[in-house]
Amino acid sequence: MQNGLSEPLSDSERRVFETIWKLGPISRSDVAARTRLTAMTVSRLSRALEERALVKDIIERTGQRGSPARPLSINPLGGCSIGLNFTRSSVEIGVIDLAGSFLDHSLEPLTEPSTDALLASVESVLDRLASSADPKAERIFGLGVALPGDFEKKGRVLAAHPLFAGLRHRDLREEFENRLGLPVFMNSDSNSATVGERLLGAGRNFETYLYVYLGYGVGGGLVIRGEPFFGLNNNAGIIGVHFPDTRPRPSGWDLIKMLNEAGIVASDFHELEEEALSSDPTAKAWIKRAGGQLRTGLRYA
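Worth saying up front: this structure is predicted, and the values here are computed from it rather than measured.

Student: Break down the overall build of the protein for me, with residues and values.
Tutor: When its secondary structure is counted, the protein shows 8 helices and 13 strands. For the protein, the spread of C-alpha atoms along the principal axes amounts to about 70 × 45 × 40 Å. Burial analysis of the protein (301 residues in total) assigns 43% to the buried set. At a minimum sequence separation of 6, the contacts of the protein that also span at least 24 residues come to 54%. Put simply, the protein shows about 16,500 Å² of open surface, and 52% of that area lies on carbon and sulfur atoms.

Student: So what's going on with helix 4 (residues 115–131)? Residues and values would help.
Tutor: Relative to the 24 Å expected for 17 residues at 1.5 Å per residue, helix 4 spans 24 Å between its end C-alpha atoms, a close match to the ideal helical length. For helix 4, every residue scored as buried is listed here: Thr115, Leu118, Leu119, Ser121, Val122, Val125, Leu126 and Leu129. Seen from one end, helix 4 has its buried residues packed into an arc of 155°, which puts them on one side. Facing away from the buried side of helix 4, by more than 90 degrees, are the exposed residues Asp116, Asp127 and Ser131. In the core, the buried residues of helix 4 are packed alongside strand 4 (80–86), strand 5 (90–97), strand 6 (102–109), strand 7 (139–147) and helix 5 (172–180).

Student: Describe the pattern of salt bridges, with residues and values.
Tutor: In the structure shown here, the tally under the stated rule is 14 salt bridges. Among the ionic pairs, Asp104 bridges to Arg128, the shortest N-O distance being 2.8 Å. With Asp104 in strand 6 and Arg128 in helix 4, this residue pair connects regions lying 24 residues apart in the sequence. The exposure class of Asp104 is buried, given its relative accessible area of 15%.

Student: I'd like a description of the packing of aromatic side chains, backed by residues and values.
Tutor: Both the distance between ring centres and the angle between the ring planes are used here to describe each pair of aromatic rings. Scanning the entire structure with this criterion turns up 4 aromatic pairs. Judged by centre distance (5.6 Å) and plane angle (50°), the rings of Tyr216 and Trp253 are tilted. Within this pair, whereas Tyr216 is found in the loop between strand 11 (209–214) and strand 12 (218–224), its partner Trp253 is found in helix 7 (residues 252–261), the two being separated by 37 residues in sequence. Take Tyr216 and Trp253: they sit in the same class, and that class is buried. Taken together, a centroid distance of 4.8 Å and an interplanar angle of 55° make the contact between Tyr216 and Phe269 tilted. You can see Tyr216 sitting in the loop between strand 11 and strand 12 and its partner Phe269 sitting in the loop between helix 7 and helix 8 (281–297), a full 53 residues away along the chain. Within the aromatic cluster, the residues linked to one another by ring pairs are Phe86, Phe164, Tyr216, Trp253 and Phe269.

Student: Tell me about the sheet that holds strand 11, and please be specific about residues and values.
Tutor: The strand order 11-12-13 describes an open sheet built from 3 strands, whose pairing is antiparallel. The sheet is open, and its two borders are formed by strand 11 and strand 13 (227–229), each paired with just one other strand. Each strand axis lies, on average, 35° off the axis of its neighbour in the sheet, ignoring direction. Of the strand pairs in this sheet, strand 11 and strand 12 are connected by 6 bridges, and their pairing is antiparallel. Among the inter-strand pairings, Tyr213 is bridged to a residue of strand 12, identified as Gly219. Across the face of the sheet, helix 6 (residues 189–200) comes into contact with strand 11, strand 12 and strand 13 while running at roughly 125° to strand 11.

Student: Which residues make up the nonpolar core, and what are the values?
Tutor: Counting 42 residues, the largest nonpolar core has Leu84, Phe86, Leu143, Val145 and Phe176 as its most contacted members. In terms of residue count, the dominant contributor to this core is helix 4 (6 residues). Other than its neighbours up to four places away in sequence, Phe176 contacts Leu84, Thr115, Leu118, Leu119, Leu143, Val145, Gly181, Val184 and Met186. Counting residues in each nonpolar core, the second largest holds 17 residues, with Leu45, Leu72, Leu98 and Phe141 among its members.

Student: Describe in detail the environment of Met186, supporting the description with residues and values.
Tutor: Position of Met186 relative to the elements: it lies in strand 10 (residues 184–188). Look at Met186 and you get buried, because its relative accessible area is 11%. With 55 residues separating them in the primary sequence, Met186 and Ser131 have C-alpha atoms 27 Å apart. The contact partners of Met186, leaving out residues within four places of it in the chain, are Val145, Leu147, Phe151, Leu172, Arg173, Phe176 and Asn234.

Student: Please give an account of the environment of Ser132 that cites residues and values.
Tutor: Along the polypeptide, Ser132 turns up in the loop between helix 4 and strand 7. Taking the C-alpha atoms as reference, Ser132 lies 28 Å from Lys22; in sequence the two are 110 residues apart. A polar contact is formed between the side chain of Ser132 and the backbone oxygen of Leu129, at a distance of 2.8 Å.

Student: Before we move on, could you go through the pairing of strand 10 and cite the residues and values that matter?
Tutor: Counted residue by residue, strand 10 has 4 buried out of 5 residues, so it is predominantly covered. With 5 bridges joining them, strand 7 and strand 10 adopt parallel strand pairing. Residue Gly144 lies in a different strand from strand 10, and its bridge partner there is Phe185.

Rules used throughout
Along each chain, the written sequence defines residue order, and numbers are assigned to residues from 1. With the structure being a predicted model, the display of local features is reserved for residues of pLDDT at least 70 and the display and counting of side-chain atom pairs for 80 or more, all residues being used for whole-chain, interface and lining totals. Only heavy atoms go into the side-chain values, all of them from the structure, while hydrogens and water stay out. Secondary structure elements follow DSSP: runs of H or I no shorter than four residues count as helices, runs of E no shorter than two count as strands, and numbering proceeds from the N terminus. The rule is simple: take the accessible area with a 1.4 Å probe, protein chains only, and divide by the maximum for that residue type; under 20% is buried, over 50% is exposed, in between is partly exposed. Whether two residues are in contact is decided by their heavy atoms: any pair within 4.5 Å suffices. Accessible surface area values rest on a Shrake-Rupley calculation with a 1.4 Å probe, where residue burial reflects the displayed protein chains alone. By definition here, a helix of n residues has an expected span of 1.5 Å times n minus one. Here, the arc refers to the directions that run from the helix axis to the C-beta atoms. By salt bridge we mean one thing: a side-chain nitrogen of Lys or Arg within 4 Å of a carboxyl oxygen of Asp or Glu. Each Phe, Tyr or Trp ring, with Trp reduced to its six-membered ring, pairs with another whose centre is within 6.5 Å; inter-plane angles below 30 degrees give stacked pairs, above 60 give edge-to-face pairs, and intermediate values give tilted ones. The pairing criterion is simple: DSSP has to find at least two bridges between the two strands. Here an axis means a line fitted to C-alpha atoms, over the contact stretch when the element is a helix, while the angle between two N-to-C directions is reported on a 0 to 180 degree scale. By nonpolar core is meant a set of buried Ala, Val, Leu, Ile, Met, Phe, Trp, Tyr and Cys residues that side-chain atoms within 4.5 Å join together. Side-chain atoms alone can form a polar contact between residues adjacent in sequence; in general such a contact is a pair of N or O atoms within 3.5 Å, and within protein one must be able to donate a hydrogen while the other accepts it.

The following block contains the structure:
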C-alpha cells in the first residue's frame, strides 16, 4: 500500500485536475477555456496527470473521419482517500476512490471521543484496505477529519466544543500523522460540510454563498466565486458568536436538550432519525424558534 503522492500537484496541475473532476469527461480545449491556461499547457499538464494515474482519456468514436475525440476524465483506479466524522457516541469513516465512489463505509459506536479511540477506528479501516484486492486501495492520498469546533494557532489547534474537552488545545493533525503515517487534513465540521455541499450538493448551482451548519454548535462556511474560503485560521464564516451560550441557541444540541426535557430520550444526533420529529410539538417549537433566531442573526453575520 502506497501513501499519498510522491510529489504534490503544482497549482496549475491542481486547477486542471479539479476542472476534470468537476466537469469530466471534458475536452482539453474546454479545460483550457475553464482554467484560462493555454491549450499547449493543458496538454502538457494532462499528460503529466495521466502518467501519475490521476486522469485518463476516453476514446469517443463518432463515425466520422479523422482522429476520434479523447475527452479527459478522472481515473477511479488512481487511488483513494479516507474521511472521518464523529459525534459523542459514534464514529463514521468512509473511503472513496478518485471518482467519489465508496470503497468502504462504517458507522461504529464510540465509547469516548478521544484521539486513541478515533485513531483505532481509522487503523481498523486501514487494515481492511490492506487486505482487500481492490487496486484503488493501493494508494491512499490522505485522511480528512471533520472536527466539532473552531481553531486557534493558525488552524491547527482545536478550540473544541465543550462536550469534547479531551480534544481541546491539542495539535490533532500532528498526532494523527505521527501515528498513521498518512497526510492528514483537518477542518471544522461546518467547513467540511460546506466543501461537501459545493462538490456534491445544491452548492454546485451557486458561486458565492454562506452555508449554515447546525450541529453541537452553530457553524457557518463560505464559498466565494466557486471556491471554499477558510481564512487564515480556518475560522472564516463563523456565525456562532451571534448566538450566545447563555441563551437558547438554534443548534442541534439545543434541540436534543429540549426533547430530553419533554421526555423524548435522545443522547446524540443519529438517534433523532428514529423519532417522528416532523409531528412532534417540541420539535416544531424548536424549528419555529430556531428559524426566527437564524433569520435575525444572519442579517448581522
